[in-house]
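# Descriptive analysis of the structure
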Amino acid sequence: MSNRHLARAIVLQSLYEWDFHDGSQDAHAVVLRNIEEFAEKIDEKVFAEKLIRGIIEHRDTIDQTITTFAPDWPLAKITIVDRNVLRIGTYELLFDEEIPSKVAINEAIELAKTFGGESSGKFVNGVLGAVFRDMVARGIQKTADKPKTTPIDPPPSDSAIETAPTTPNPPTTV
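For every chain, the first residue of the written sequence is number 1, and numbering continues from 1 along that sequence. Selection of residues for local features in this predicted model requires a pLDDT of at least 70, selection of side-chain atom pairs for listing and counting requires 80 or more, and totals for whole chains, interfaces and linings are taken over all residues. Water and hydrogen atoms were dropped before computing side-chain values, which therefore reflect all heavy atoms in the structure.

So, about the overall build of the protein chain. Secondary structure assignment for the protein chain yields seven helices and zero strands. For the protein chain, the residues scored as buried account for 39% of the 174 residues in total. Within the protein chain, residue pairs in contact and separated by at least 24 positions form 70% of the contacts whose partners lie at least 6 positions apart. All accessibility values rest on the Shrake-Rupley procedure with a 1.4 Å probe; residue burial counts only the protein chains present in the view. Only carbon and sulfur atoms are counted for the fraction: they give 54% of the accessible area of the protein chain, which is about 11,000 Å². In this text, helices come from DSSP runs of H or I with a minimum length of four residues, and strands from runs of E with a minimum of two, each type numbered from the N-terminal end. Categorising residues by exposure relies on relative accessible area from a 1.4 Å probe, with only protein chains included: less than 20% of the type maximum marks a residue as buried, more than 50% marks it as exposed, and the intermediate range marks it as partly exposed. By definition, residues are in contact when any of their heavy atoms lie within 4.5 Å.

Pairs were defined over the aromatic rings of Phe, Tyr and Trp, the Trp ring being its six-membered one, requiring ring centres within 6.5 Å. Orientation was assigned from the angle between planes: stacked under 30 degrees, edge-to-face over 60, tilted for the rest. Under the definition given, this model contains three aromatic pairs. Aromatic pair Trp 73 and Phe 123: ring centres 5.9 Å apart, planes at 65 degrees, arrangement edge-to-face. Taken together, the residues span a long stretch of sequence, with Trp 73 in the loop between helix H4 (59-69) and helix H5 (80-94) and Phe 123 in helix H7 (residues 120-137) at a distance of 50 residues. Accessibility expressed as a relative area gives 43% for Trp 73, which makes it partly exposed. Look at Phe 123 and you get buried, because its relative accessible area is 19%.

A few words now on the packing of H4 against H5. Only the stretch in contact is used when fitting a helix axis, every axis being a line fitted to C-alpha atoms; angles between N-to-C directions are given from 0 to 180 degrees. Remark: H4 packs on H5, axes separated minimally by 9 Å, with the N-to-C direction vectors making an angle of 105 degrees. Put simply, H4 runs roughly perpendicular to H5. Contact residues: Arg 59, Ile 62, Asp 63, Thr 65 and Ile 66 in H4; Arg 83, Leu 86, Arg 87, Thr 90, Tyr 91 and Leu 94 in H5. Angles below 35 degrees are treated as roughly parallel, those above 145 as roughly antiparallel, those between 65 and 115 as roughly perpendicular, and all remaining angles as oblique.

In this section: the environment of Ala 104. Among the structural elements, Ala 104 can be located in helix H6 (residues 101-115). For Ala 104 and Leu 94, which are 10 residues apart along the polypeptide, the C-alpha to C-alpha distance reads 9.9 Å. Setting aside residues up to four positions removed in sequence, Ala 104 forms contacts with Gly 89, Glu 92, Leu 93 and Ile 99.

Our next topic: the side chain of Glu 49. Here Glu 49 is to be found in helix H3 (residues 45-57). The residues touching Glu 49, leaving out its near neighbours within four places in the chain, are His 28 and Leu 32.

Our focus in this paragraph is the confidence of the model for the protein chain. Reading predicted coordinates in detail is not appropriate for stretches of low pLDDT. Of the residues in the protein chain, 85% have a pLDDT of 70 or more, and the chain-wide mean is 88. Residue-level confidence of the predictor is what pLDDT reports, using numbers from 0 through 100. Taken together, the stretch residues 160-170 has pLDDT below 50 and engages in one contact with residues farther than four places along the chain or on a different chain.

Right, let's talk about the pattern of salt bridges for a bit. By salt bridge we mean one thing: a side-chain nitrogen of Lys or Arg within 4 Å of a carboxyl oxygen of Asp or Glu. The tally for this structure, following the rule as stated, stands at 12 salt bridges. A salt bridge links Glu 92 to Arg 8, with the nearest nitrogen and oxygen atoms 3.0 Å apart. Of this pair, Glu 92 sits in helix H5 while Arg 8 is found in helix H1 (residues 3-20), placing the two residues 84 residues apart along the sequence. Note on Glu 92: relative accessible area 0%, which makes it buried. Taking relative accessible area as the criterion, Arg 8 reaches 3% and is therefore assigned buried.

Since the α-helix packs 3.6 residues into each turn, any two residues three or four apart lie on the same face. Expected span of a helix, by definition, is 1.5 Å for each gap between consecutive residues, and there is one gap fewer than residues. When the terminal C-alpha atoms of H3 are compared, their 18 Å separation across 13 residues agrees well with the 18 Å that a helix rising 1.5 Å per residue should span. Phe 47, Ala 48, Glu 49, Leu 51, Ile 52, Gly 54 and Ile 55 are the residues of H3 that are buried.

Here, the term nonpolar core denotes a set of buried Ala, Val, Leu, Ile, Met, Phe, Trp, Tyr and Cys residues that are joined through side-chain atoms within 4.5 Å. With 41 residues, the main nonpolar core has Val 11, Ile 55, Val 85, Leu 86, Ile 88 and Val 124 as its most contacted residues. Secondary-structure elements contributing two or more residues to this core are H1, helix H2 (27-38), H3, H4, H5, H6 and H7. Examining the composition of this core, we find that seven residues originate from one element, H1, more than from any other. Excluding residues that lie within four positions of it along the chain, Val 85 makes contacts with Leu 12, Ala 108, Leu 111, Ala 112 and Val 124.

Attention now goes to the environment of Arg 4. Here Arg 4 shows up in helix H1. C-alpha separation for the pair Arg 4 and Ala 48, spaced 44 residues apart in sequence, amounts to 7.9 Å. Once residues within four sequence positions are removed from consideration, Arg 4 is found in contact with Glu 44, Phe 47 and Ile 99. Within the local environment of Arg 4, its side chain forms a polar contact with the side chain of Glu 44, the two groups lying 3.4 Å apart. A 3.5 Å cut-off defines polar contacts: any pair of N or O atoms within that distance qualifies, except that in protein one atom must be a possible hydrogen donor and the other a possible acceptor, and neighbouring residues in sequence count only when both atoms are side-chain atoms.

Structure, rendered in structure tokens:
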């Protein structure tokens, strides 16, 4: 399991606890406690902290987006696991410029398959896929989704090409 995947799993478990208690706990403190307890040596502690902080900070927008793209499922009717997997995926799609959209969706699907019910992966895929398609339709492209371009030096002109000497340089003696 990659460190970022493990960090997402810990964030999911922390959000589950936070959500179960109706948001009355400090989500950041919960994730720090869970990291210390379950993954003390994780390299992606900062990533997990950024993720939980971003989800809580943008929760209203995230929840509204989920409601918009899962219209048959009021937020309160979505299982706690699926709801919080969707929060992670939606946050990474909408607000984290460093995570490619396809990675955000795939990671959320894997979390849903691991921690959710039998149809959780398909449900999460459907909702996040709709969010992504809407972003594309509106012309929104994240920095991480833009094609990587590497500058290619133009070929040298003929006058810049040096010809190799026809006879090797004699060795210098000291």
